[in-house]
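# Report on the structure
The chain contents come next:
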Amino acid sequence: MDKMPEVVIDSDTEEEPEPEIEPEPEPEPLPEKVQIDVDDVFKKAEILDNAPTIKKPKRTRTMTPEALEKLAIARAKGLETRKRNKELRLKGEIPTPTQKKDEKKKQEMEAKRPIVKNIVNKTENITNNITHDDIIKISKKASQDALEEYEVKRKIRKEAKKVKFEQDNQKAIVKNKINSALGMKYGDSNFFDHCF
């Protein structure tokens, strides 16, 4: 980098001539739009009276003689079955369609009902040898047992209540002794000062 190239600026050199701006050619005029009459656009097509209509030929099925024989046998068999079922319905051996519908409705109604498991004891062969006095004795004994049971429960609750009352009294006595030893009474302005 000892030596830098020298740049010589000659102001005497010829400047390049500016290119001439050619005027832009005018655009070609757009072709005029063809005006279409609105009535022509929405005019209904004329229906020709003598215009031929093209109908598609219907596809017809031709039965083979074997198929016709099988069909005749099936019809005869169905007719014979219907006659036999009609005779059985008249005799009462087969239920009618309306009877079948009624049974089906009953079964649906039974299925919708809630299932309750009730156990019913049959009392067909039981003889009643209980007198009026026996009934009175039984009812007195049942009521006496119920009252005694209630009394036992009441005494247990009373004892528990008494024990709790004594414990609460003992706690109150101890609390009063502690407060009196501290020289403070509940409700004094400085009662809670020792807590902080």
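What you are looking at is a predicted structure, and each value in this text was computed from that prediction instead of being measured.

## Quick look at the overall build of the protein
Helix and strand counts for the protein stand at 4 helices and 0 strands. Mapped from its N terminus to its C terminus, the protein presents α and β elements in the order α-α-α-α. Out of the 196 residues belonging to the protein, those deemed buried represent 1%. Accessible surface, the protein: about 22300 Å² in total, of which carbon and sulfur atoms supply 56%.

## A few points about the pattern of salt bridges
One pass over the structure, following the stated rule, counts 4 salt bridges. Its salt-bridge partner being Lys 141, residue Asp 145 comes within 3.5 Å of it at the nearest N-O pair. Taken together, the residues span about one helical turn, with Asp 145 and Lys 141 both in helix H4 (residues 132–182) at a distance of 4 residues. Look at Asp 145 and you get partly exposed, because its relative accessible area is 37%.

## Focus on the confidence of the model for the protein
On average, the protein scores 81 in pLDDT, and the residues at 70 or more come to 74%. Averaged pLDDT values for the elements of the protein fall to 73 in helix H1 (residues 38–41) and rise to 94 in helix H2 (residues 65–91).

## Focus: a nonpolar patch on the surface
A cluster of nonpolar residues, Val 34, Ile 36, Val 38, Val 41 and Phe 42, forms a patch on the protein surface that exposes about 590 Å² of accessible area. Overall, Val 34 belongs to the exposed group, its relative accessible area being 71%.

## Quick word on H2
Along an α-helix, residues three or four apart share an orientation, since each turn contains 3.6 residues. When the terminal C-alpha atoms of H2 are compared, their 40 Å separation across 27 residues agrees well with the 39 Å that a helix rising 1.5 Å per residue should span. Just past H2, the residue Gly 92 takes up positive phi, approximately 95°.

About the criteria used
- Residues numbered from 1 in each chain as written.
- Predicted model: local features only at pLDDT ≥ 70, side-chain atom pairs only at ≥ 80, totals over all residues.
- Heavy atoms only, no water.
- Helix = DSSP H or I, 4+ residues; strand = E, 2+ residues; numbered from the N terminus.
- Buried < 20%, exposed > 50% of the residue type's maximum accessible area, 1.4 Å probe, protein only.
- Areas by Shrake-Rupley, 256 points an atom, 1.4 Å probe, with all protein chains shown as cover.
- Salt bridge = Lys/Arg side-chain N within 4 Å of Asp/Glu carboxyl O.
- pLDDT = per-residue confidence, 0-100.
- Patch = residues over 30% accessible without salt bridge, like charges linked within 9 Å, V, L, I, M, F, W, Y side chains within 5 Å.
- Expected span 1.5 Å × (residues − 1).

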